[in-house]
Amino acid sequence: MPIVVQKYGGTSVGTTERIGAVADRVVRTREAGKDVVVVVSAMGHTTDELLEMATEVATIPEPRELDMLLTAGERIAMSLLAIAVNARGCKAASYTGSQAGIITDTQHGKAKIVEVRPGRIQESLVAGNVVILAGFQGLSTDYDITTLGRGGSDTTAVAMAAALGAEVCEIYTDVEGVFTADPRLEPNARKIDRISYEEMLELAAAGAKVLQLRSVEYARRHDVPLRVLPSYTEGEGTWVVEEDDPMLEQALIRGVALAADEAKVTLDEVPDKPGVAAAIFKAVAADGINVDMIVQNVSHDGRTDLSFTIPREDLPRLEAVMQGIVSDIGAVRYSTDPGIAKLSLVGAGMKSSPGVAAEMFDALAAESINIDMISTSSIRISCVIRAEDAERAVRIVHRRFELADELLTDED
Ligand code: ADP
Ligand code: ASP
Ligand code: MG
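Residues numbered from 1 in each chain as written. Chains lettered and ligands numbered in written order. Predicted model: local features only at pLDDT ≥ 70, side-chain atom pairs only at ≥ 80, totals over all residues. Heavy atoms only, no water.

K.L.:
A description of the overall build of the protein chain should follow, citing residues and the corresponding values.
P.N.:
Per the secondary structure count, the protein chain includes 11 helices and 20 strands. Relative to a compact globule of 412 residues, whose C-alpha radius of gyration would be 22 Å, the protein chain shows 22 Å and is just as compact. Over its C-alpha atoms, taken along the principal directions, the protein chain stretches across nearly 75 × 55 × 35 Å. Within the protein chain, the proportion of its 412 residues that are buried is 52%. (Helix = DSSP H or I, 4+ residues; strand = E, 2+ residues; numbered from the N terminus. Rg over C-alpha atoms; globule rule 2.2 N^0.38 Å. Buried < 20%, exposed > 50% of the residue type's maximum accessible area, 1.4 Å probe, protein only.)

K.L.:
Quick rundown of helix 10 (residues 356-366)? Include the residues and the values.
P.N.:
Among the residues of helix 10, those classed as buried are Val356, Met360, Ala363 and Leu364. The buried residues of helix 10 occupy one face: seen down the axis, they fall within an arc of 95°. Across helix 10 from its buried face, at more than 90 degrees, point the exposed residues Ala365 and Ala366. Buried positions along helix 10 lie against strand 18 (340-346), strand 20 (380-386) and helix 11 (390-400). In the segment just after helix 10, Ser368 is the residue with positive phi, at about 55°. (Arc of directions from axis to C-beta. Contact = heavy atoms within 4.5 Å.)

K.L.:
Pulling in residues and values, what's your account of the site of ligand 1?
P.N.:
As a structural note, the neighbourhood of ligand 1 is formed by 16 residues, with Thr173, Asp174, Phe179, Asp182 and Arg184 the closest of them. Note that an oxygen atom of ligand 1 is positioned 2.9 Å from one of the side-chain N or O atoms of Lys7. Note that a nitrogen atom of ligand 1 is positioned 2.9 Å from one of the backbone N or O atoms of Phe179. Considering ligand 1 on its own, with 570 Å² of exposed area, one finds that the protein chains cover 89% of that surface. The residue inventory of the shell around ligand 1, partitioned by class, reads 7 nonpolar, 4 polar and 5 charged. (Near = heavy atom within 4 Å. Polar contact = N/O pair within 3.5 Å; in protein donor to acceptor, adjacent residues only side chain to side chain. Areas by Shrake-Rupley, 256 points an atom, 1.4 Å probe, with all protein chains shown as cover. Nonpolar A, V, L, I, M, F, W, Y, C, P; charged D, E, K, R; others polar.)

K.L.:
I'd like a rundown of the sheet that holds strand 7 (residues 137-140), residues and numbers included.
P.N.:
Sheet architecture is open: 4 strands sit in the order 5-4-7-8, paired in mixed fashion. Taken across any chain shown, the strands that pair with only one partner, and hence form the sheet edges, are strand 5 (113-116) and strand 8 (145-147). Averaged over neighbouring strand pairs, the angle between their axes works out to 45° when direction is ignored. Bridge analysis of strand 7 against strand 8 gives 3 bridges, and the strand direction is antiparallel. Counterpart to Leu139 in the pairing with strand 8 is Ile145. Packing against the sheet, helix 5 (residues 153-164) makes contact with strand 4 (102-104), strand 5 and strand 7, and its axis sits at approximately 40° to strand 5. (Pairing = 2+ DSSP bridges. Axes fitted to C-alpha atoms, helices over the stretch in contact; angles between N-to-C directions.)

K.L.:
Explain the packing of helix 10 against helix 11 to me, using residue names and the numbers behind them.
P.N.:
Relative to each other, helix 10 and helix 11 sit at 130°, their axes nearing to 9 Å. Judged on the interaxial angle alone, helix 11 and helix 10 are oblique. With respect to the hand of their crossing, helix 10 and helix 11 are arranged in right-handed fashion. Across from Glu359, Met360, Asp362, Ala363, Leu364 and Ala366 in helix 10, the residues of helix 11 making contact are Ala393, Ile396, Val397 and Arg400. Its residues assigned to classes, the contact of helix 10 with helix 11 shows 7 nonpolar, no polar and 3 charged. (Parallel < 35°, antiparallel > 145°, perpendicular 65-115°, else oblique. Left-handed = near helix turned anticlockwise from the far one by under 90°.)

K.L.:
Describe the site of ligand 2, naming the residues involved and giving the relevant values.
P.N.:
Every residue close to ligand 2 is listed here: Ser41, Ala42, Thr47, Glu74, Phe136, Arg150, Gly151, Gly152 and Ser153. Separating a nitrogen atom of ligand 2 from a side-chain N or O atom of Thr47 is a distance of 2.8 Å. Residue Ser153 places a main-chain N or O atom 3.0 Å away from an oxygen atom belonging to ligand 2. Relative to its unbound accessible area of 260 Å², ligand 2 is 86% covered by the protein chains. For the shell around ligand 2, the class distribution of residues is 2 nonpolar, 5 polar and 2 charged.

K.L.:
Could you give an account of the pattern of salt bridges, naming the residues involved and the relevant values?
P.N.:
The full count for this structure, using the stated rule, is 31 salt bridges. Among the salt bridges present, the one from Glu249 reaches Arg190, with a minimum N-O distance of 3.7 Å. Within this pair, whereas Glu249 is found in the loop between strand 12 (238-241) and strand 13 (255-259), its partner Arg190 is found in the loop between strand 9 (168-173) and strand 10 (194-196), the two being separated by 59 residues in sequence. Among the residues examined, Arg190 registers a relative accessible area of 13% and is labelled buried. Linking Asp292 and Lys342 is a salt bridge whose minimum nitrogen-to-oxygen distance equals 2.6 Å. With a gap of 50 residues between them, Asp292 in the loop between helix 8 (276-286) and strand 15 (294-296) and Lys342 in strand 18 connect regions that are remote in the sequence. Accessibility expressed as a relative area gives 4% for Lys342, which makes it buried. What you see here is one network of salt bridges that share partners, running through Arg25, Arg28 and Glu234. (Salt bridge = Lys/Arg side-chain N within 4 Å of Asp/Glu carboxyl O.)

K.L.:
Can you lay out the nonpolar core for me, pointing to particular residues and giving the numbers?
P.N.:
If you look at the biggest cluster of nonpolar residues, it comprises 45 residues, and the most contacted ones within it are Val37, Ile121, Leu133, Met160 and Cys169. It is helix 5 that contributes the most residues to this core, 6 residues altogether. If near-sequence neighbours (up to four positions away) are discounted, Val37 is found in contact with Ile3, Val4, Val5, Gln6, Ile121, Leu125, Val131, Leu133, Met160 and Leu164. Judged by nonpolar contacts, the second largest core, of 27 residues, contains Ala181, Leu258, Met350 and Val356. (Core = buried A, V, L, I, M, F, W, Y, C linked by side-chain atoms within 4.5 Å.)

K.L.:
I'd love a proper account of unusual backbone geometry, names of residues and values included.
P.N.:
Although it is not a glycine, Phe136 sits at a positive phi angle of roughly 75°. In this fold, Phe136 is placed in the loop between strand 6 (130-134) and strand 7. Positive phi is not limited to glycine here, since Tyr143 has a value of about 65°. In this fold, Tyr143 is placed in the loop between strand 7 and strand 8. Judged by relative accessible area, which is 66%, Tyr143 ranks as exposed.

Take a look at the structure:
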């Protein structure tokens, strides 16, 4: 029987009523003659609430214990859904990440899946069950419970779809699909019918959390057909496809993304000599912190300023090592700024079209929005701006590149 993997996000299983609606959809899929594997997130804001409680009892919670706590959220959702599906006369069984054979590395809080051993899940399917899996979690190579980073249930779903050779991995969420901008920030954003892996990777990396970055990477690497769909309606959603898909609409710009959860770190008067940057970023990486943008100024008198951005949630851990870095490299001081945001413009058409960056900067300047840092890839331009300007900036840039529905000219 063909296997379908369906993943339901937090809002989609946010109440027992919504869990009932998900159970109905799962049963319908099963009755249509498919083997169904469902991956669930924790209900509503459960993960945030658990995290909040942990930080009430410790400023920097012990990572192993934090993972043990957070995985409880998905465990509640999976068992409730299994109960609901069983109550509809359809056999279902739920499994934690470790029971399902999701093996990860040992990096608590952002573990990477290193292997999936789907034997138990396959047996359960053969026994006639709808299989329900807790997303976002795995078992490390040293037998501890791990989590896969925020939004990690998407990656659980894709990894299980790859391991089972599923015909599709469907990501059900609280919007109609992938849009030209977060529809909560830009009501005029347009749903995209098809998007390339390349563009989806850049949007996800730039903060469009509709898909976790790693899930897109994994799907591309393992050729998993990936689709984002609304859990509330019967909409067609968005297909993530290869760059050469004949149905992919050619567009200069695919969308705008906002990362509102980064922070900037600046080191003042860093000695400008070989090995210093390596020393700084080795120390930061050793703490498991991912650095995003890096900007180094022109040096004066053998010293320079250096700024970089990191996820804001990693700031307390970074602060703990920063003083040591400052004295090790002989810098004068450091400062942190949590009040920033990163705005990105993504589109494969940029590769062959000059002037996009200038147009973006001009749109921001026209509304007196100052740009603090800039970085680019061949299909992305990102600007660090003040957090208070961020949502307005999304709408300004979206409008300047005529991404809204009524302004579309290509296909209409
Ligand atoms: P889930 O709980 O289903 O995983 P998420 O909150 O992780 O849902 O992701 C869905 C959210 O992503 C949407 O509610 C939307 O606000 C946000 N989002 C950001 N950028 C986009 C985009 N380009 N297209 C669609 N949704 C986006
Ligand atoms: N519950 C986790 C989170 O809130 C994982 C997920 O939703 O995908 O990040
Ligand atoms: Mg999500």
